[in-house]
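As a plain string of letters, each chain reads:
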Amino acid sequence: MLIRTGLRAVIPAAALAAFLVGCGAASTTDGPGGDVPYVDPSAAVAAAAEADKASPMATPSPTPALVIQEDPDAPELVRDAFAGLQATYQDGCTPGDGNCAYFLGRVNSELNRLDRAMKADKKGPGHFEEPLAWIGALRTTLDGDVSTPNLEKHRTELTGTRDRVNSWMQGHPEDYR
């Protein structure tokens with residue numbers, strides 16, 4: 001006796017059973033589950049064999065993963081850059097603890113990232129006039145020297161600019177929500 005397992009046999013057998021029930025070819029048994037239709041196993045096997053001959057199921061091709069590709073030339077959103085700046089509040093350093101180079105470099109990097117995003121925003125740089133001016137003043141103070149000793153020398157200016165920009169942004173929630 002041929003008994004096929006898996007989805008290829010179950011679907012045609014279920015379809016045949018439903019057809020036979022609708023045609024009155026099935027009978028019910030007495031006892032528990034007596035209301036469940038009975039289909040002769042040989043009818044299910046025959047239906048499965050016929051279905052295999054008529055249209056063998058093709059192996060489904062794998063669905064390609066959905067890839068969302070961002071435009072590498074698209075400017076970063078102000079809200080994303082601002083989130084990076086806010087994340088610096090979870091960090092910090094004490095002179096001599098070894099984390100200052102990373103922390104101060106990150107604050108500087110996040111301010112520059114926000115500067116680029118503000119300049120590219122659809123509202124225009126005029127909307128962000130004050131924070132852009134503060135970041136520009138810091139850039140002038142650093143004079144292109146982003147070495148650890150120079151960042152440590154201007155630590156107060158770095159964190160102060162971050163804090164001023166953060167306060168300004170908090171007053172403009174439409175720019176980061």
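Residues numbered from 1 in each chain as written. Predicted model: local features only at pLDDT ≥ 70, side-chain atom pairs only at ≥ 80, totals over all residues. Heavy atoms only, no water.

Visitor: Kindly report on the pattern of salt bridges, identifying the contributing residues and their values.
Guide: Summed over all chains, the structure comprises nine salt bridges. Across the salt bridge formed by Glu 76 and Arg 113, the nearest N and O atoms sit 2.5 Å from each other. Of this pair, Glu 76 sits in the loop between helix 2 (41–54) and helix 3 (78–87) while Arg 113 sits in helix 4 (residues 100–120), placing them 37 residues apart in sequence. Put simply, Asp 115 and Lys 119 hold a salt bridge, and the shortest N to O gap is 3.1 Å. (Salt bridge = Lys/Arg side-chain N within 4 Å of Asp/Glu carboxyl O. Helix = DSSP H or I, 4+ residues; strand = E, 2+ residues; numbered from the N terminus.)

Visitor: Just give me the short version of helix 7 (residues 155–170), but keep the residues and values in it.
Guide: With 16 residues, helix 7 should cover 22 Å at 1.5 Å per step; its first-to-last C-alpha distance of 22 Å lies within 8% of that length. Buried within helix 7 are the following residues: Leu 158, Thr 159, Thr 161, Arg 162, Val 165, Asn 166, Trp 168 and Met 169. (Expected span 1.5 Å × (residues − 1). Buried < 20%, exposed > 50% of the residue type's maximum accessible area, 1.4 Å probe, protein only.)

Visitor: Report on the packing of aromatic side chains, specifying residues and quantitative values.
Guide: Following the criterion strictly, the structure yields two aromatic pairs and no others. Ring geometry for Phe 82 against Tyr 176: centres 5.0 Å apart, planes inclined by 55°, an arrangement best described as tilted. Linking Phe 82 in helix 3 with Tyr 176 in the segment after helix 7, this pair joins segments that are 94 residues apart in sequence. Assigned by exposure class, Phe 82 and Tyr 176 land together as buried. A centroid spacing of 5.9 Å and a plane angle of 55° characterise the contact between Phe 128 and Trp 168, whose relative ring orientation is tilted. (Phe/Tyr/Trp six-rings, centres within 6.5 Å; stacked < 30°, edge-to-face > 60°.)

Visitor: Any details on unusual backbone geometry? Residues and values, ideally.
Guide: Trans is the common state for peptide bonds, and a negative phi is the common state for residues other than glycine. Positive phi, close to 50°, is recorded for Asp 143, a residue that is not glycine. Structurally, the position occupied by Asp 143 is in the loop between helix 5 (129–142) and helix 6 (148–153). On the basis of relative accessible area, Asp 143 is assigned to the exposed category, the value being 66%.

Visitor: Got a sec to walk through the environment of Asn 99? Specific residues and values, please.
Guide: Relative to the helices and strands, Asn 99 resides in the loop between helix 3 and helix 4. Judged by its relative accessible area of 23%, Asn 99 falls in the partly exposed class. Leaving out residues up to four positions away in the same chain, Asn 99 has contacts with Asp 91, Gly 92 and Cys 93. (Contact = heavy atoms within 4.5 Å.)

Visitor: Give me the lowdown on the side chain of Asp 115, citing residues and values where you can.
Guide: Relative to the elements of secondary structure, Asp 115 occurs in helix 4. Residue class for Asp 115 comes out buried when judged on its relative accessible area of 3%. In this structure the side chain of Asp 115 is engaged in a polar contact, spanning 3.2 Å, whose partner is the side chain of Arg 139. Once residues lying within four places of it in the same chain are set aside, the contact partners of Asp 115 are Leu 132, Ile 135 and Arg 139. (Polar contact = N/O pair within 3.5 Å; in protein donor to acceptor, adjacent residues only side chain to side chain.)

Visitor: Provide a residue-level description of the state of the cysteines, including the pertinent values.
Guide: Any covalent bond linking the sulfur atoms of two cysteines counts as a disulfide. In this structure the tally under the stated criterion is one disulfide. Residue pairing for Cys 93: its cysteine sulfur links by disulfide to Cys 100, the two sulfurs lying 2.2 Å apart. Judged by the torsion about the S-S bond (100°), the Cys 93/Cys 100 disulfide is right-handed. Looking at Cys 93, the relative accessible area reads 14%, which means it is buried. In this structure Cys 100 comes out as buried when scored by relative accessible area, which is 3%. (Disulfide = S-S within 2.5 Å.)

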